[in-house]
Amino acid sequence: MWYHKPAINEALLQSLPNLMIVASSGVGIDHLDLKLLSRYGVKVSNTPFVVSTDTAELGMALILASSRRLVEGHEMAVSPDTEYFPADWLGVEVSGATVGIVGMGTIGYKVAERAKAFEMNILYHNRSQRPKEEECAVGAVYCKKIDDLLQQSDFVLLAVNLTPQTLKLIGKRELELMKPTATLINISRGLVVDQDALVEALQNKVIKAAALDVTYPEPLPRDHPLLKLKNVIITPHIGSATKKTRWVMMEEMTESIEAGLAGLPIPREVL
């Protein structure tokens, strides 16, 4: 499966009585009904680890692009109407700023490693606290309550899996807790954010900006208000989109399929 296609529903499973395994690209499995697949005796694999470095790099790229207003700057530089560059057109510094990482799994931790190199202060919220030695390695401070992280962060970066608990995790209340100078970065899943609340927050300057690699749906309808806002950067779900990573993902999916067909233990099986 690439890009969640084909849809694995009961009709498809009934039409494929010999189906043994579904190999899904990427780390997210929110598009799969694991109970339904299990009922039909179908196993599932994904590619959770190979995507983490690329996705973390994109998260850092979105922090930098939004802070220095790179997309707006490019548009200004190439516009046929530009006669001069205004001296008061300014971004904000990343060095010394605080990034709050929501979801300190493999991807979140790799973001922290990169943020440390940019001399950022690092807060994180996670279901469980990381070991002290891992915190010290990147200088990260644990926030047991997400509210504490939201109130203190200049950049809030979302790196959680989509689950019933994280569905619309960031809504109107959470956005209002953030600083009016803060930027929301989402490299997880679009449905982790209440998009209607985000549009309202951006329009009313409740927060300063957003940089999103994920939305719902994907792509957004061409008349969606997020596409019209100057303080938003949207990329087309490219967290793992490098040549090397996509090649390795395909190799891992093939390995899982071959193991499943041979009745062997499946690498990276989703249980």
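What you see is a predicted model; the values in this text were computed from it and never measured.

J.: So what's going on with the UniProt feature "domain: D-isomer specific 2-hydroxyacid dehydrogenase NAD-binding" (unreviewed entry) in the protein? Residues and values would help.
T.: Those places that UniProt annotates as "domain: D-isomer specific 2-hydroxyacid dehydrogenase NAD-binding" (unreviewed entry) correspond, in this numbering, to residues 60–239. Taken end to end, residues 60–239 has its terminal C-alpha atoms 11 Å apart, with 32% of it in helix and 16% in strand.

J.: Help me get a handle on the packing of aromatic side chains, residues and values and all.
T.: Two aromatic rings are characterised by how far apart their centres lie and by the angle between their planes. Scanning the entire structure with this criterion turns up one aromatic pair. Judged by centre distance (5.2 Å) and plane angle (50°), the ring pair of Tyr124 and Tyr142 falls under tilted. In this pair, Tyr124 is assigned in strand β4 (residues 121–125) and Tyr142 in strand β5 (residues 140–142), connecting sequence segments 18 residues apart.

J.: Break down unusual backbone geometry for me, citing the residues and quoting the values.
T.: With an omega of 0°, the peptide bond between Lys5 and Pro6 qualifies as cis. In this structure, Pro6 sits in the segment before α1 (10–15). With an omega of -5°, the peptide bond running from Glu218 to Pro219 counts as cis. Locating Pro219 in the fold gives a position in the loop between β8 (209–212) and β9 (232–234). Look at Tyr3: it is not a glycine, yet its phi comes out positive at around 55°. With respect to the secondary-structure elements, Tyr3 resides in the segment before α1. Positioned with a positive phi, Lys205 is a non-glycine residue whose angle comes to about 60°. A relative accessible area of 68% places Lys205 in the exposed class.

J.: An account of the nonpolar core is needed here, citing residue identities and associated values.
T.: Ranked by internal contacts, the top residues of the largest apolar core, which has 29 residues, are Leu175, Leu184, Leu198 and Leu226. Mapped by element, the contributors of at least two residues to this core are α7 (146–152), β6 (155–158), α9 (195–203) and β8. Of the residues forming this core, the biggest block, five residues, is contributed by α9. What Leu198 contacts, discounting residues up to four positions off in sequence, is Leu175, Leu184, Val193, Ile207, Ala210, Leu212 and Leu226. Listed in part, the 28 residues of the second largest apolar core include Ala56, Ile107, Ala112 and Leu157.

J.: An account of the sheet that holds β9 is requested, with residue identities and associated values reported.
T.: Strand order in the open sheet made by the seven strands is β5-β4-β3-β6-β7-β8-β9, with parallel pairing throughout. For this open sheet the edge positions go to β5 and β9, each flanked by a neighbour on one side alone. Looking at each pair of strands side by side, their axes are set apart by 15° on average, direction ignored. Pairing geometry for strand β7 (residues 183–186) and β8, over four bridges, is parallel.

J.: Give me the lowdown on helix α5 (residues 106–117), citing residues and values where you can.
T.: The first and last C-alpha atoms of α5 sit 17 Å apart over twelve residues, in line with the 16 Å expected at 1.5 Å per residue. Of the positions making up α5, those classed as buried are Ile107, Gly108, Tyr109, Val111, Ala112 and Ala115. In this fold, the buried residues of α5 make contact with α3 (52–67), β3 (98–102), β4, α6 (132–138) and β6.

J.: Would you mind going over the domain arrangement of the protein in detail, with residue names and values included?
T.: Each assigned domain of the protein is listed here: domain 1 (10–49 + 242–262) and domain 2 (51–79 + 91–234). With centres defined by C-alpha atoms, the gap from domain 1 to domain 2 works out at 29 Å. Of the residues lining the interface, ten residues belong to domain 1; the matching set on domain 2 comes to five residues. Summed over both partners, the interface of domain 1 with domain 2 buries about 690 Å², with 50% contributed by carbon and sulfur atoms. Looking only at domain 1, the three residues that lose the most surface to domain 2 are Val27, Asp30 and Phe49, adding up to 57% of its buried area. The tally of links from domain 1 across to domain 2 stands at one salt bridge. The residue Asp30 makes a salt bridge to Arg189 at a minimum N-O spacing of 3.1 Å.

J.: Which residues make up the packing of α3 against α5, and what values go with them?
T.: It is at 8 Å that the axes of α3 and α5 come closest, and there the two elements cross at 50°. With respect to α5, the axis of α3 lies oblique. When the axes of α3 and α5 are compared, the crossing they make is right-handed. Where α3 approaches α5, its residues Ser52, Thr53, Thr55, Ala56, Glu57 and Met60 are matched on the opposing element by Thr106, Ile107, Lys110, Val111, Arg114 and Ala115.

J.: Break down helix α10 (residues 243–261) for me, with residues and values.
T.: Over its 19 residues, α10 runs 27 Å from end to end, which matches the ideal 27 Å to within 8%, given 1.5 Å per residue. If you check which residues of α10 are buried, you get Thr245, Met249, Glu252, Met253, Ser256, Ala259 and Gly260. The buried side chains of α10 occupy one side of the element, clustering within an arc of 125° when seen end-on. When the buried face of α10 is taken as reference, the exposed residues oriented beyond 90 degrees from it are Lys243, Lys244, Trp247, Glu258 and Leu261. As for α10, its buried residues are in contact with β1 (21–23), β2 (43–45) and α3.

The rules behind these values
Residues numbered from 1 in each chain as written. Predicted model: local features only at pLDDT ≥ 70, side-chain atom pairs only at ≥ 80, totals over all residues. Heavy atoms only, no water. UniProt positions renumbered as here; feature names shortened; annotations may be inferred. Helix = DSSP H or I, 4+ residues; strand = E, 2+ residues; numbered from the N terminus. Phe/Tyr/Trp six-rings, centres within 6.5 Å; stacked < 30°, edge-to-face > 60°. Buried < 20%, exposed > 50% of the residue type's maximum accessible area, 1.4 Å probe, protein only. Core = buried A, V, L, I, M, F, W, Y, C linked by side-chain atoms within 4.5 Å. Contact = heavy atoms within 4.5 Å. Pairing = 2+ DSSP bridges. Axes fitted to C-alpha atoms, helices over the stretch in contact; angles between N-to-C directions. Expected span 1.5 Å × (residues − 1). Domains from an automatic or database assignment. Buried area = accessible area lost by both parts, 1.4 Å probe. Salt bridge = Lys/Arg side-chain N within 4 Å of Asp/Glu carboxyl O. Parallel < 35°, antiparallel > 145°, perpendicular 65-115°, else oblique. Left-handed = near helix turned anticlockwise from the far one by under 90°. Arc of directions from axis to C-beta.

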